Amino acid sequence: MTDNKAFLYSAQAPSAEQKQRFISFLKKKYGEETELEWISDQSLENGFKLIVGSEEYDWSKEGLYDQFVRSFSKEKFSGKELIPLIKGALQDWEVKALPAERGTVVTVGDGIARISGLENAEYGEILVFDCGLRGMVLDLAETTVGCVIFGDDEEILAGSSVRRTNGTASVPIGEGYLGRVVDSLGTPIDGKGEIKAEAYRPIENKAPGIVDRQSVNHPLETGILSIDSMFPIGRGQRELIIGDRQTGKTAIAIDAIINQQGKDCICIYVAIGQKASSVAQLAENLRKHGAMEYTIIVAANASDADPLQYIAPYSGCAMAEYFMEKGKDVLIIYDDLSKHAVAYRSISLLLDRSPGREAYPGDVFYLHSRLLERSARLSDEKGGGSITALPIVETQDNDVSAYIPTNIISITDGQIYLESNLFFSGQRPAVNVGLSVSRVGGDAQTKAMKKAVGTLRLDLAQFREMEVFTQFSSDLDDATKNQLTYGQGLMKMLVQPQYKPYSLHQQVIILLSSLAHSMQNIEMDDVYRFNQELLAGFEREHASICDSIDSNGIFTEEEKDTIVKYAKDFAEKFYV
Ligand code: ATP
Ligand code: MG
């Protein structure tokens with residue numbers, strides 16, 4: 001459809017002969033007589049633009065450059081043959097009279113634009129507005145497409161034109177990104193200058209297939225005793241951290257990052273819908289603990305547009321995939337997916353999708369499943385890299401049966417459930433041992449840890465039962481009292497301050513000592529101090545045992561006896 005009218009934009013008016021050539025070109029292309037109107041545009045210098053209906057032939061300097069780049073990037077090339085390839089592409093390149101689709105903004109507002117005229121636009125495609133802003137197609141209607149805008153929509157006017165890019169959203173990535181804070185589009189926001197990109201990766205990517213994966217059997221230690229001992233996480237696993245607000249969810253994730261120091265694991269922290277100041281504080285804390293060197297922070301803050309919050313986790317995951325495919329281990333944290341779901345809900349409602357349960361759209365399950373499916377441990381043929389995901393979900397009033405929490409619980413391989421009652425009573429990290437689980441991590445635990453943990457979970461379960469049972473009785477026999485103190489001691493043993501991850505041998509020593517009832521006569525308030533001093537003493541006197549546990553992941557029966565004996569002697573002398 002040409003509407004029998006075409007517009008020619010150029011700096012100088014075309015001669016009669018030039019005009020005739022355009023008209024015959026249009027006749028050949030569209031099979032009908034077209035009237036040509038010339039519009040002066042000094043910015044085009046020697047080039048021109050021809051606009052016919054919703055199609056645009058862009059022969060301006062920029063347009064030709066774009067065309068060249070596009071023809072070039074279609075080629076598949078490996079790094080080795082780059083130079084001959086560039087030469088070849090330069091020689092063979094010919095300018096073509098290819099129409100580009102041009103759309104017109106019909107309505108714009110609330111971060112959403114409806115655009116007509118882009119008949120061939122695809123779902124997820126990036127569009128460029130007149131003012132330079134970018135957007136992503138998220139809705140395909142009969143005559144228009146709905147596009148979310150990455151930025152402030154006030155710069156876009158109804159009636160302005162929109163260009164297709166024929167590409168989906170992608171983010172730049174490379175080694176230079178380590179230690180930096182970037183937004184969802186990979187642009188640095190920490191004021192430390194530009195970052196050199198080594199590659200661009202699409203933010204949406206298919207998860208690795210079953211053949212390309214191998215089972216999760218390598219531990220990813222968080223350094224948090226309650227997690228590593230009872231809910232171990234393996235490389236390639238997805239473990240949910242769930243709990244009410246202010247229960248130490250972020251703290252667990254940050255400790256896990258800090259504990260990766262020297263373990264050849266890259267960390268990516270995706271902040272969604274948080275205050276910019278909290279993210280800055282968090283980056284500072286990581287830096288202070290030397291963890292920023294191997295970490296990338298992807299931040300879509302609460303003040304950013306919903307679409308940026310929506311793509312943030314996918315961008316982070318694309319960056320993680322870059323490293324995973326290079327054979328590296330990656331730990332990625334999504335903090336948090338409740339806010340992500342809320343951002344997606346706003347977008348969907350504005351795009352007129354029908355609301356379902358809790359007003360979320362029908363595809364909110366797919367929103368998170370396709371993200372978390374991308375975590376994997378690749379087979380050795382594929383380089384053996386991995387992505388371990390720790391998504392975080394915030395609950396309201398401990399309600400894990402709300403829509404988003406149940407969805408994500410069913411997608412992940414287990415959850416660490418944090419409880420505000422425990423948190424406020426001083427039991428921090430506030431892990432609820434009864435309701436937390438790790439479904440695949442057991443295979444990934446080191447032999448030393450498996451042996452040291454022994455009956456811890458069982459003992460704690462018995463303690464909880466007994467605690468409820470004896471709540472109202474004042475008159476208890478000695479055996480019961482002993483058992484209660486033992487249980488309380490175990491709970492105290494799990495208390496661990498922030499930024500103080502334990503190494504493997506420290507966890508093993510604390511577990512062996514506590515499970516051998518060495519703390520029987522230690523006051524509850526002294527348990528933490530007792531363990532610290534015990535560790536310091538043992539490390540001083542038996543450094544070789546500590547080293548051997550850390551490097552081999554096992555301990556012998558004799559070593560165990562040495563540890564238990566040392567702990568018991570130490571407890572006896574503790575108060576004298
Ligand atoms: P939000 O819902 O606001 O995101 P959150 O669940 O992520 O909160 P954090 O911010 O991690 O919780 O922690 C809340 C507070 O508890 C912080 O001030 C933190 O320093 C403190 N905290 C977290 N873990 C511990 C711990 N193990 N020991 C002592 N204090 C802790
Ligand atoms: Mg938090």
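Residues numbered from 1 in each chain as written. Chains lettered and ligands numbered in written order. Predicted model: local features only at pLDDT ≥ 70, side-chain atom pairs only at ≥ 80, totals over all residues. Heavy atoms only, no water.

Visitor: Describe in detail the overall build of the protein, supporting the description with residues and values.
Guide: A count of helices and strands for the protein gives 18 helices and 20 strands. On the principal axes, the C-alpha backbone points of the protein span a range of 110 × 55 × 40 Å. Counting all 576 residues of the protein, 51% fall into the buried class. Residue pairs in contact within the protein that sit at least 24 positions apart in sequence constitute 73% of those at least 6 positions apart. (Helix = DSSP H or I, 4+ residues; strand = E, 2+ residues; numbered from the N terminus. Buried < 20%, exposed > 50% of the residue type's maximum accessible area, 1.4 Å probe, protein only. Contact = heavy atoms within 4.5 Å.)

Visitor: Describe the pairing of strand β6 (residues 112-116), listing the residues and the values that go with them.
Guide: Of all five residues in β6, four are buried, a share of seventy percent or more. Across five bridges, strand β5 (residues 100-109) lies against β6 in antiparallel orientation. Bridging from a neighbouring strand, Val105 pairs with Ile115 of β6. Counted between consecutive antiparallel strands, the loop separating β5 from β6 contains two residues, among which Asp110 sits at a positive phi close to 55°. (Pairing = 2+ DSSP bridges.)

Visitor: So, the pattern of salt bridges: which residues are in play, and what are the values?
Guide: Within the structure shown, the criterion is met by 27 salt bridges. Here Lys451 and Glu557 are joined by a salt bridge, their closest N and O atoms 3.8 Å apart. On the criterion of sequence distance, the pair formed by Lys451 in helix α12 (residues 447-453) and Glu557 in helix α18 (residues 557-573) is long-range, its members being 106 residues apart. By relative accessible area, which is 40% here, Lys451 ends up partly exposed. Glu557 gets classed as partly exposed once you look at its relative accessible area, which sits at 46%. The structure contains a network of salt bridges with shared partners spanning Arg201, Glu321, Glu325 and Arg374. (Salt bridge = Lys/Arg side-chain N within 4 Å of Asp/Glu carboxyl O.)

Visitor: Tell me about helix α16 (residues 527-541), and please be specific about residues and values.
Guide: Taking 1.5 Å of rise per residue, 15 residues should cover 21 Å, and α16 covers 21 Å from first to last C-alpha, within 8% of that figure. Within α16, burial applies to Val527, Phe530, Asn531, Leu534, Leu535, Gly537 and Phe538. On its buried side, α16 packs onto α14 (478-493), α15 (504-515), α17 (543-552) and α18. (Expected span 1.5 Å × (residues − 1).)

Visitor: So what's going on with the side chain of Ser160? Which residues, and what values?
Guide: Tracing the chain through its elements places Ser160 in the loop between β9 (144-149) and β10 (161-168). Engagement of the side chain of Ser160 in a polar contact is seen with the backbone oxygen of Leu157, the distance being 2.7 Å. Those residues in contact with Ser160 that lie beyond four places of it in its chain are Gly103, Thr104, Val105 and Asp130. (Polar contact = N/O pair within 3.5 Å; in protein donor to acceptor, adjacent residues only side chain to side chain.)

Visitor: I'd love a proper account of the site of ligand 1, names of residues and values included.
Guide: The immediate surroundings of ligand 1 are formed by 14 residues, with Gln246, Lys249, Thr250, Ala251 and Gln498 found nearest. Measuring from an oxygen atom of ligand 1, one finds a side-chain N or O atom of Gln246 at 2.8 Å. Side-chain polar atom of Lys249 to an oxygen atom of ligand 1: 2.7 Å apart, as the coordinates give it. Looking at the shell around ligand 1, the element that brings in the most residues is helix α5 (residues 249-258), giving three residues. Looking at the shell around ligand 1 residue by residue, the classes come out as four nonpolar, six polar and four charged. (Near = heavy atom within 4 Å. Nonpolar A, V, L, I, M, F, W, Y, C, P; charged D, E, K, R; others polar.)

Visitor: How would you summarise the nonpolar core if you had to cite specific residues and measurements?
Guide: Judged by nonpolar contacts, the single largest core of 77 residues is most densely connected at Ile257, Leu286, Ile297, Leu331, Leu456 and Met493. With seven residues, α15 is the largest single contributor of residues to this core. Judged by nonpolar contacts, the second largest core, of 57 residues, contains Val171, Ile272, Val298 and Met324. (Core = buried A, V, L, I, M, F, W, Y, C linked by side-chain atoms within 4.5 Å.)

Visitor: Tell me about the sheet that holds strand β17 (residues 329-335), residues and numbers included.
Guide: Note on sheets: strands pair through backbone hydrogen bonds, and any given pair is parallel or antiparallel. Strands sit in the order β12-β16-β15-β17-β18-β14-β19-β20 across an open sheet of eight strands; the sheet is mixed. For this open sheet the edge positions go to β12 (181-182) and β20 (437-438), each flanked by a neighbour on one side alone. Where strand β15 (residues 265-272) lies against strand β16 (residues 295-300), six bridges are found, and the strand directions are parallel. For Cys267, the partnering residue across the bridge sits in β16 and is Thr295.

Visitor: Any details on unusual backbone geometry? Residues and values, ideally.
Guide: Cis rather than trans, the peptide bond between Asp335 and Asp336 has omega equal to -5°. In this structure, Asp336 sits in the loop between β17 and α8 (337-350). The backbone of Gln246 sits at a positive phi, close to 55°, despite the residue not being glycine. Assignment of secondary structure puts Gln246 in the loop between β14 (240-243) and α5. A residue is classified by how much of its surface remains accessible, and Gln246, at 57% relative accessible area, is exposed. Unlike most non-glycine residues, Ala359 shows phi in positive territory, near 65°. Following the sequence through the fold, Ala359 ends up in the loop between α8 and α9 (364-372).

Visitor: So what about the packing of aromatic side chains? Which residues, and what values?
Guide: The tally for this structure, following the rule as stated, stands at 14 aromatic pairs. Here a set of aromatic residues connected by ring pairs shows up, and it is made of Phe530, Phe538, Tyr566, Phe570, Phe574 and Tyr575. We note Arg428 situated over the ring of Phe423; from NZ or CZ to the ring centre the distance is 4.0 Å. (Phe/Tyr/Trp six-rings, centres within 6.5 Å; stacked < 30°, edge-to-face > 60°. Lys NZ or Arg CZ within 6 Å of the ring centre and 35° of its normal.)

Visitor: Tell me what's going on with empty space enclosed by the protein, and back it up with residues and numbers.
Guide: In total, this model carries three cavities of 30 Å³ or more according to the counting rule given. Among the elements that make up the lining of the largest cavity, the one with the highest residue count is α14 (four residues). There is about 80 Å³ of room inside the second largest cavity. Lining the second largest cavity, in full, are Pro219, Leu220, Glu221, Asp228, Pro232, Ile233, Gln445, Thr446, Met449 and Leu504. A breakdown of the residues in the lining of the second largest cavity according to their chemical character gives six nonpolar, two polar and two charged. (1 Å grid on protein atoms, 1.4 Å probe; cavity = no way out; pocket = protein on both sides within 12 Å on 5 of 7 lines; lining within 4 Å. Points joined across faces, edges and corners; volume = space filled by probe spheres on them.)

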